[in-house]
Protein chains: 4
Amino acid sequence: MEAILDAAVRVLKRDGVSAITTNRIAEIAGVSIGSVYQYFPDKRAIFIALHRRHVEEIDRRIEQTVIAHAAAPLEALLRAMVEAVVEAHSADPVLHELLSTQVPHRGDGTREFAQRLQGVFRLAISARTNELGRRRPERLAFVLAHMLDALGHGAALRRPPELSLAEAKQEAVRAMLTYLKA
Amino acid sequence: MEAILDAAVRVLKRDGVSAITTNRIAEIAGVSIGSVYQYFPDKRAIFIALHRRHVEEIDRRIEQTVIAHAAAPLEALLRAMVEAVVEAHSADPVLHELLSTQVPHRGDGTREFAQRLQGVFRLAISARTNELGRRRPERLAFVLAHMLDALGHGAALRRPPELSLAEAKQEAVRAMLTYLKA
Amino acid sequence: MEAILDAAVRVLKRDGVSAITTNRIAEIAGVSIGSVYQYFPDKRAIFIALHRRHVEEIDRRIEQTVIAHAAAPLEALLRAMVEAVVEAHSADPVLHELLSTQVPHRGDGTREFAQRLQGVFRLAISARTNELGRRRPERLAFVLAHMLDALGHGAALRRPPELSLAEAKQEAVRAMLTYLKA
Amino acid sequence: MEAILDAAVRVLKRDGVSAITTNRIAEIAGVSIGSVYQYFPDKRAIFIALHRRHVEEIDRRIEQTVIAHAAAPLEALLRAMVEAVVEAHSADPVLHELLSTQVPHRGDGTREFAQRLQGVFRLAISARTNELGRRRPERLAFVLAHMLDALGHGAALRRPPELSLAEAKQEAVRAMLTYLKA
DNA sequence: CATGAATGAGTGTTCATTCAT
DNA sequence: AATGAATGAACACTCATTCAT
């Protein structure tokens, strides 16, 4: 099963979306087409599994980061989360791009990253009521989640040439902190 | 040509991506399949044109907003831009979603929205040096562009149930202003 | 594979070249169109295989004739070869005509019949040096191959009404013998 | 009309048979597709005209040769006819090959060259009864026509490397004369 | 006469899926 | 469980032909 998904990724990266045929995936995976259908009911299921695997990998990193910084000051947490998001997008930017722009998704149960991040932030914020006061947490989470998603993604992949990666990350943290402290 | 693109949109919204066949587009557009191929070399070209049209429509709105507020105070400009982005995403959220998640793109010359926004912001910032000081404009533009993209998109489509649209927009403006004034 | 080629021939003879569509071939062959493409990469490949099969069949007859008359006097050999060529053209004149005038070929590795015959004759001549003398064998082969091809083909298909098949064959042999003995 | 046929030839030679579309012919000819249909009822008609033009050109040469040598000795006539056939095949061997192997024909009223040649030879033979005696002219014509066709064509295009063009032509004449004098 | 946009039947080909072995 | 030959619906695309201008 893992081999099949890996094969799908390999085909995707080597030859593009239009080359992903079930037969080709089977061939690259080194199994028969029949075996592919033993594990996946149809082609969509392969795409969904591909997305889910990718999403779970990223979510795991984020959760670990939050847990690791449960007791840390806010700035450290945010810095770590920016780091995590940038890494996630840097790790395999090509795959990430292809997966989100080329491979039909939605319809898998996966909400978008920014949406999932909001939940994470609500928990992190609730745990820091004394530091942040009793402002509406869903509002903070909404803004922070979107800032983190966009700035992390942007720092990794959409920086202007004059901006170094370190500067972009630093600026992302600064912007989020400024917002929180206002 | 416009009729063909409209037909493609109609098919896309009515029956989903997998229903967009060149023959079906022609049928809905009320032209023969031959005529479709007189104007578009192949199916991909239809998708690219669809994207380009959509992107140009959004860019036009943004530009008009910036021009209309060229002399206005920063807060008014930001408020108007948030409004424009939210509207763009609200106008036809289904089409927008489908276009960016279902229809294979890239390979048209279109950079992502956040990237195009950075350019717009650099101009707007350069024109307000006296108000903003001489801080590095590409850095400000980088952050603002990503905030606007993410928060605008989020306000329209990813709000938590406790947050009204007006509140989300207001908060987006506030966050951007806070960042700028820090 | 053989069934597919047979079907192609059947379609060709029944309905003419323009009726040979891959789907029709599959239908007549009693296999699915998918199976046709499992064995032939594209339509041209079917034509090429058709030609090759036809050519090989004829070449086999010629070779057998030569072998069978390896020790026979020249006249007997020539008589047998005329017979073989006439038969080849008479056996299925329609198919032969269609194959060479209607079905695009060349590009398969097949040289023309007259060219292949030259090789055969060179061998047959080399084996009869004592009977024929040491005249340049490639010159004899050149003339004989072309005479055999043309007169055999002509006897089968282009006889004037006053000339019986037997007479035409007899005259062909006579002409070739006369040339050889001059 | 001539321009259209020329364009067809140009397309044929440049891009092969499968590239000959009526629209392309019109484009290369510099006329509109409508005009093509003003002069030719359909595509087949273009092919037929192409063949007819080619055939008439060759037939004209043969006739001129026969007329020019009406009073000449047999050997001179045969030598001149071999020359004419070789020239016809050498002039534009590519076009000739394509026309006879790639472009569907038959169904135009044109009989094959060897068949048309038989008629020519019958006349030439009848005019030389005193030289040739009263042998059955259709039999002589049958053999000579096929020899001329095959050896002329072969001398131009299917010579073995050891045989020069001059030798091949000389041998063709010799073979025909030998046959006639036997 | 000329034009060329429009037509649409028909073609080659693909590829997700099945199922007997 | 694994195989892979076979399937055939469905698709993108072509191109001979028409006809209003």
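Residues numbered from 1 in each chain as written. Chains lettered and ligands numbered in written order. Predicted model: local features only at pLDDT ≥ 70, side-chain atom pairs only at ≥ 80, totals over all residues. Heavy atoms only, no water.

### What about the pattern of salt bridges?
Applying the stated criterion to the full structure yields 68 salt bridges over all chains. Between D15 of chain C and R24 of chain C there is a salt bridge, and its shortest N-O distance comes to 2.9 Å. What emerges from the salt-bridge pattern is a single network uniting E57, R60, R61 and E87 of chain A. (Salt bridge = Lys/Arg side-chain N within 4 Å of Asp/Glu carboxyl O.)

### Comments concerning helix α7 (residues 113-126) of chain B
Residue and element names in this part refer to chain B. Compared with an ideal rise of 1.5 Å per residue, which puts 14 residues at 20 Å, α7 spans 20 Å between its outermost C-alpha atoms and is within 8% of the ideal. Of the positions making up α7, those classed as buried are F113, A114, R116, L117, Q118, F121, A124 and I125. Its buried side turned inward, α7 meets α4 (43-68), α5 (74-91), α8 (129-132), α9 (137-157) and α10 (165-181). (Helix = DSSP H or I, 4+ residues; strand = E, 2+ residues; numbered from the N terminus. Expected span 1.5 Å × (residues − 1). Buried < 20%, exposed > 50% of the residue type's maximum accessible area, 1.4 Å probe, protein only. Contact = heavy atoms within 4.5 Å.)

### Section: the packing of helix α10 (residues 165-181) of chain C against helix α10 (residues 165-181) of chain D
Helix-helix packing: each pair is described by the crossing angle between the helix axes and the interaxial distance. For the pair α10 of chain C and α10 of chain D, interaxial distance at closest approach is 9 Å and the crossing angle is 115°. When the axes of α10 of chain C and α10 of chain D are compared, the crossing they make is right-handed. Within the contact between the two elements, α10 of chain C uses E171, R174, A175, T178 and Y179 of chain C and α10 of chain D uses E171, R174, A175, T178 and Y179 of chain D. A per-class count over the contact of α10 of chain C with α10 of chain D returns 4 nonpolar, 2 polar and 4 charged. (Axes fitted to C-alpha atoms, helices over the stretch in contact; angles between N-to-C directions. Left-handed = near helix turned anticlockwise from the far one by under 90°. Nonpolar A, V, L, I, M, F, W, Y, C, P; charged D, E, K, R; others polar.)

### Brief notes about the environment of V9 of chain D
All names here are of chain D. Note that V9 resides in helix α1 (residues 2-15). Since its relative accessible area comes to 12%, V9 is described here as buried. As for V9 and F47, which are separated by 38 residues in sequence, their C-alpha atoms are 9.9 Å apart. Those residues within four positions of V9 in sequence are excluded, and the remaining contacts are L50, R53 and L95.

### A word on the relation of the copies chain A and chain B
The two copies are related by a screw operation: chain A maps onto chain B through 180° of rotation and 0.1 Å of translation along the axis, at an RMSD of 0.2 Å. With respect to symmetry, the two chain copies, as superposed, fit the operation of a two-fold axis. A shared interface surface links the copies, since 97% of the contact residues of chain A are contact residues in chain B too. (Least-squares fit on C-alpha atoms with pLDDT ≥ 70 in both.)

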